[in-house]
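As a plain string of letters, each chain reads:
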Amino acid sequence: MYTTGVTAPQGTWWKPAHKAERVWFTIAFVWCLVLFAMMPLWHLRGGQNPSGIRARVAPADYIARVRQFVADYGTGESEAGIPIVAPPPGAEVYLLAAQFQWTPILQLQQGAEYTLHLSSLDVNHGFNLYPFNVNFQVVPGYDYGLRVTPTEAGDYRIVCNEFCGVGHHLMVGRVIVDASDASGVAVAQAAGADR
Ligand code: CUA
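Since the structure is predicted, the reported quantities are computational estimates derived from the model, not experimental observations. (Residues numbered from 1 in each chain as written. Predicted model: local features only at pLDDT ≥ 70, side-chain atom pairs only at ≥ 80, totals over all residues. Heavy atoms only, no water.)

1. Let's talk about the overall build of the chain
Just so we agree on the cut-off: Secondary structure follows DSSP: runs of H or I at least 4 residues long count as helices, runs of E at least 2 residues long count as strands, and numbering of each begins at the N terminus. For this measure, only C-alpha atoms enter the radius of gyration; the expected value for a globule follows 2.2 Å times N^0.38, where N is the number of residues. Whether two residues touch is decided by their heavy atoms; if any such pair falls within 4.5 Å, the residues are in contact. Positive residues here are Lys and Arg, negative ones are Asp and Glu, while His and the chain termini are left out of the count. For the purpose of locating charges, the reference atoms are NZ of Lys, CZ of Arg, CG of Asp and CD of Glu.
Helix and strand counts for the chain come out as two helices and 12 strands. Going residue by residue from the N terminus, the α and β elements of the chain occur as α-β-α-β-β-β-β-β-β-β-β-β-β-β. Against the globule reference of 16 Å for 195 residues, the chain gives a C-alpha radius of gyration of 24 Å, more extended than a compact globule. Counting only C-alpha atoms, the chain reaches 75 × 40 × 30 Å along its principal axes. Pairs at least 24 residues apart make up 55% of the contacts formed inside the chain by residues separated by at least 6 positions. Measuring between centres, the 12 positive side-chain charges of the chain sit 16 Å from its 15 negative side-chain charges.

2. Some remarks on the pairing of strand 6 (residues 105–109)
Two faces, one strand: in a regular strand the side chains alternate between the faces of the sheet. The condition is simple: Classification of residues uses two cut-offs on accessible area relative to the type maximum, computed with a 1.4 Å probe and protein chains only: under 20% is buried, over 50% is exposed, and between them is partly exposed. Two strands make a pair as long as DSSP finds a minimum of two bridges between them.
Burial analysis of strand 6 places four of its five residues in the buried class, which makes it a mostly covered element. Across four bridges, the pairing between strand 6 and strand 12 (residues 172–178) is parallel. Each residue of the ladder has a partner; that of Q109, found in strand 12, is D178.

3. Quick notes on helix 2 (residues 59–73)
To be explicit about the condition: Every helix has an expected span of 1.5 Å times one less than the residues it contains. Regarding the arc, it is the one traced by the directions from the helix axis to the C-beta atoms.
When the terminal C-alpha atoms of helix 2 are compared, their 21 Å separation across 15 residues agrees well with the 21 Å that a helix rising 1.5 Å per residue should span. Every buried residue of helix 2 is accounted for by Y62, I63, V66 and F69. Viewed end-on, helix 2 has its buried residues packed into an arc of 115°, placing them on one side of the element. Residues of helix 2 that are exposed and point more than 90 degrees away from the buried face comprise A60, R67 and A71.

4. Some words on the packing of aromatic side chains
Threshold: Here a pair means two rings of Phe, Tyr or Trp (six-membered ring of Trp) with centres within 6.5 Å. Their orientation is stacked below 30 degrees between planes, edge-to-face above 60, and tilted elsewhere.
Taken as a whole, this structure holds six aromatic pairs when the rule is applied. Ring geometry for F69 versus Y94: centroids 6.1 Å apart, planes at 65°, classification edge-to-face. Taken together, the positions of F69 in helix 2 and Y94 in strand 4 (residues 92–98) put the pair 25 residues apart, joining distant regions of the chain. For Y94, a relative accessible area of 15% puts it in the buried group. Between F132 and Y156, the aromatic rings sit 5.1 Å apart at their centres with planes inclined by 65°, giving edge-to-face as the arrangement. Pair noted here: F132 is in the loop between strand 8 (125–130) and strand 9 (135–138) and Y156 is in strand 11 (residues 154–160), with a separation of 24 residues, a long-range link. Since its relative accessible area comes to 28%, F132 is described here as partly exposed. With relative accessibility at 10%, the residue Y156 sits in the buried group. Taken together, the ring pairs connect Y62, F69, Y73 and Y94 into an aromatic cluster.

5. Some points on the environment of F163
Along the chain, F163 turns up in the loop between strand 11 and strand 12. Residue F163 is classed as exposed on the basis of its relative accessible area of 63%. Here F163 is in contact with N124 and H168, once residues within four sequence places are set aside.

6. A look at the sheet that holds strand 10 (residues 142–148)
Within a sheet, adjacent strands bond to each other through the backbone by hydrogen bonds, running parallel or antiparallel. Let me state the cut-off plainly: Throughout, an axis means a line fitted to C-alpha atoms (over the contacting stretch in the case of helices), and angles, computed between N-to-C directions, take values from 0 to 180 degrees.
Pairing is mixed across the open sheet formed by five strands, whose spatial order is 1-10-7-4-5. In this open sheet, the two edge strands, each paired with only one partner strand, are strand 1 (53–56) and strand 5 (101–103). The mean angle between the axes of side-by-side strands here comes to 20°, regardless of whether they run parallel or antiparallel. Across the face of the sheet, helix 2 comes into contact with strand 4, strand 5, strand 7 (114–120) and strand 10 while running at roughly 125° to strand 4.

Structural data, given as structure tokens:
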């Protein structure tokens, strides 16, 4: 025997659910509500899921912001020709994702607060600050601003964790966090020669 789309289905789904099924459905539904409530709770109490600042921006306008940022605070270039930028504490910091590069290299100070802006030139990219559990979508057409305070000095990599094309695995950026002394003044980083 075969059935077609206009034939009533065989089964008992229109009869009242079994008691066990109702119990499991209730458990699953309550758990859904718990997980739903966790999203704002993580934001308010856990310091996760930051809401950030969002605004639409045309890619060309965002590139202009990045260029201005490099012009204002640029300190040099890496061997690969990527600008290195050392913004002062409190600055607006602009990072551009494009197939398959992060621009510029950021040099920040430990303990200082910045507003980090993320946007993409072309497709979706993923901002992952290795080795920390920091993940953000980088979306073309949107400027996503995050208030960040680097807490640990070091030389970190930005790994793209959103598949963005054939060079996805090569898309590695860099964030340098210079150590501060107790008064909050940046201490010159000794190991800066290979930038
Ligand atoms: Cu950019 Cu993957």
